[in-house]
Amino acid sequence: MPIVTTEKLISKGDCLAQIDGKKVFIPYALPGEKLEIEIQKDFKDYSLASIKNIIEASPYRRQALCPLYYKCGGCNMQHIEDEFQRKLRTEILKEAFEHAGVAVPEIQVVEDSSLAYRARFQLHDGGLMGAKSNTIIAVDSCPCATEEINLYLKETSFSARPKGRVHIFASSKITSIPQGFDKIIVAEESLKEEKKVVNTKKNLKMKKVKARFEGTSINPQNACTVDLLGKSIRFDVLGFFQSNLAVLEKTIPLLLDGLKGSNVLDMYSGAGTFSVFLSDIFENVTMVEHNKAAMVWAEQNMAGKKHESFGVSGKVWASYHAQKCIKNNGPFDAVVIDPPRSGMEKEVCSWLASSGIKEIRSLSCDAVTHARDVSFLIKNGYSLKKLYLLDFYPQTCHTESLAILTRKEL
């Protein structure tokens, strides 16, 4: 079996080594380790391998925190000390930006607890998916999960849990559940049906939704309200919402810092989390979100605040609505943009580059597409002032980031 010395960690969490100039990717390895490996799959340009023996371990290697580690597909960095994990995630982000030709300022890390942070969970037939497999792993605790989720896992036996894919959101920050009750909402995907809002006792207190979004999916059973920095944010547990609320609360002030003006654009706004805070600064907020179900919640969260909302894709908005918005409300003073993993749509990125908007706050859950989009904006007159690693997912290689961009003075 070949013996290699590892070089660096790559974006998916594997470590890179080389055998006679051919790249080898090794899961659960750390940079600078001497390993005996076994080739699992051999391709023309690279190979995939597994560790058979650690000859010289990294000083940052540790015993995994969870007995299901290496079996469960949730974490892939538990074998690395926390501080060194953050360093590696920062290097992954930096390398992605430098590879895209972006000169990177010193990356600042936004972090909180590395354990008991994850408020959002997905169970499959009562368990978690196995690492790189469809195997269901029965789990009764998780070191990354919030105390509330672990209470559910402990008190609800594997056989008693709902079948299929189930979304769980559990946090002490939930305000829609009274004190003294378990702060947890369990939503089964089978319940994800489109229903009109009806005037029942259960939802009498729900804020009025704009007429053109009525009839879009709202299931009160899956509704959740959390307190973020003193604001009530409402969303559907079956939709996306950030898992790490502590890091989210540290990110929001950084996002808002230095922003001012009359009009702001919240592109890919989701349930309007950022818009709620932006509305304290700007006279008018324009939200764009293709997921109309998410827009229903955004409308509730923005009730009583001056705003416009467009339940269309970023491409459609940039192509057909942007200029009319500017004509009606005046130019945008700033934009907050938080696209999916695939990054900004080409039409959105091109429109932004030519918009003349002075301040851009760009968030991303993918380092490579974020670097690509920021590089394009820099080539079209913007400067990267600050770059943050948003450490939302400790114990994993997943990186999220915030770029502060400012239009260069002509």
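Quick look at the structure, then. (Residues numbered from 1 in each chain as written. Predicted model: local features only at pLDDT ≥ 70, side-chain atom pairs only at ≥ 80, totals over all residues. Heavy atoms only, no water.)

One pass over the structure, following the stated rule, counts 14 salt bridges. The closest approach of N and O atoms between K8 and E95, which form a salt bridge, is 2.5 Å. Highlighted residues: K8 in strand β2 (residues 8–9) and E95 in helix α1 (residues 82–99), separated in sequence by 87 residues. The partly exposed category is assigned to E95, whose relative accessible area is 38%. With its nearest N and O atoms 2.6 Å apart, the salt bridge here joins K87 to E91. Pair noted here: K87 and E91 are both in helix α1, with a separation of 4 residues, about one helical turn. (Salt bridge = Lys/Arg side-chain N within 4 Å of Asp/Glu carboxyl O. Helix = DSSP H or I, 4+ residues; strand = E, 2+ residues; numbered from the N terminus. Buried < 20%, exposed > 50% of the residue type's maximum accessible area, 1.4 Å probe, protein only.)

If you walk through the whole model with that rule in mind, you get 13 aromatic pairs. Between F169 and F241 the ring centres are 6.1 Å apart and the planes differ by 75 degrees, which places this aromatic pair in the edge-to-face class. With a gap of 72 residues between them, F169 in strand β11 (residues 165–170) and F241 in the loop between β14 (231–236) and α3 (245–256) connect regions that are remote in the sequence. F241 sits in the buried class, given a relative accessible area of 4%. Above the plane of the ring of F158 lies K163, whose end atom (NZ or CZ) is 5.8 Å from the centre. (Phe/Tyr/Trp six-rings, centres within 6.5 Å; stacked < 30°, edge-to-face > 60°. Lys NZ or Arg CZ within 6 Å of the ring centre and 35° of its normal.)

Tracing the backbone through its elements, the reader meets E299 in helix α5 (residues 292–301). Among the polar contacts listed, one links the side chain of E299 to the side chain of H307, at a separation of 3.1 Å. (Polar contact = N/O pair within 3.5 Å; in protein donor to acceptor, adjacent residues only side chain to side chain.)

Right, let's get into the sheet that holds strand β4 (residues 22–26). In a beta sheet, neighbouring strands pair by backbone hydrogen bonds and run either parallel or antiparallel. If you trace the 6 strands from one edge of the open sheet to the other, you get β1-β5-β6-β4-β3-β2, paired in mixed fashion. Each of the sheet's edge strands pairs with one partner strand only, and the pair in question is β1 (3–5) and β2. Where β4 meets strand β6 (residues 46–56), 3 bridges bridge the pair, whose relative direction is parallel. In the strand pairing of β6, K23 is matched with Y46. (Pairing = 2+ DSSP bridges.)

With mixed pairing, 8 strands are arranged side by side in an open sheet as β7-β20-β21-β19-β18-β15-β16-β17. Two strands bound the open sheet, and with one partner strand each, they are β7 (108–110) and β17 (307–310). Between one strand axis and the next, the sheet turns by 20 degrees as a mean value, whatever way the strands run. One ladder, built from 8 bridges, connects strand β20 (residues 382–390) with strand β21 (residues 400–407); its direction is antiparallel. Looking across to β21, one finds that L390 is bridged to E400. (Axes fitted to C-alpha atoms, helices over the stretch in contact; angles between N-to-C directions.)

Contact geometry of α1 with helix α9 (residues 367–379) gives a least axis separation of 8 Å together with a crossing angle of 40 degrees. In the packing of α1 onto α9, the handedness of the crossing is right-handed. Here L93, A96 and F97 of α1 come into contact with α9, specifically with A367, V368, H370, A371 and V374. Per-class residue counts for the contact of α1 with α9 are 7 nonpolar, 1 polar and no charged. (Left-handed = near helix turned anticlockwise from the far one by under 90°. Contact = heavy atoms within 4.5 Å. Nonpolar A, V, L, I, M, F, W, Y, C, P; charged D, E, K, R; others polar.)

Axes are the key here: two packed helices are described by the angle between their axes and the distance separating the axes. Contact pair helix α8 (residues 346–355) / α9: the axes reach a minimum separation of 9 Å and the direction vectors enclose 30 degrees. In terms of orientation, α8 lies roughly parallel with respect to α9. Crossing of α8 over α9 shows right-handed handedness. On the side of α8, the interface is formed by C349, S350, L352 and A353, while α9 contributes D373, F376 and L377. Looking at the contact of α8 with α9 residue by residue, the class counts come to 5 nonpolar, 1 polar and 1 charged. (Parallel < 35°, antiparallel > 145°, perpendicular 65-115°, else oblique.)

Core analysis: the biggest nonpolar cluster contains 64 residues, and F121, I168, F169, V226 and L278 have the highest contact counts within it. At 6 residues, α3 tops the list of elements feeding residues into this core. The contact partners of L278, leaving out residues within four places of it in the chain, are L256, L259, V264, D266, V285 and V336. Counting residues in each nonpolar core, the second largest holds 35 residues, with A96, V102, W317 and C325 among its members. (Core = buried A, V, L, I, M, F, W, Y, C linked by side-chain atoms within 4.5 Å.)

Backbone geometry follows two general trends: most residues other than glycine have a negative phi, and most peptide bonds adopt the trans configuration. Positive phi, close to 80 degrees, is recorded for Y70, a residue that is not glycine. Assignment of secondary structure puts Y70 in the loop between β6 and α1. A relative accessible area of 43% means that Y70 is categorised as partly exposed. For Q395, which is not glycine, the phi torsion reads 75 degrees and is therefore positive. Here Q395 is to be found in the loop between β20 and β21.

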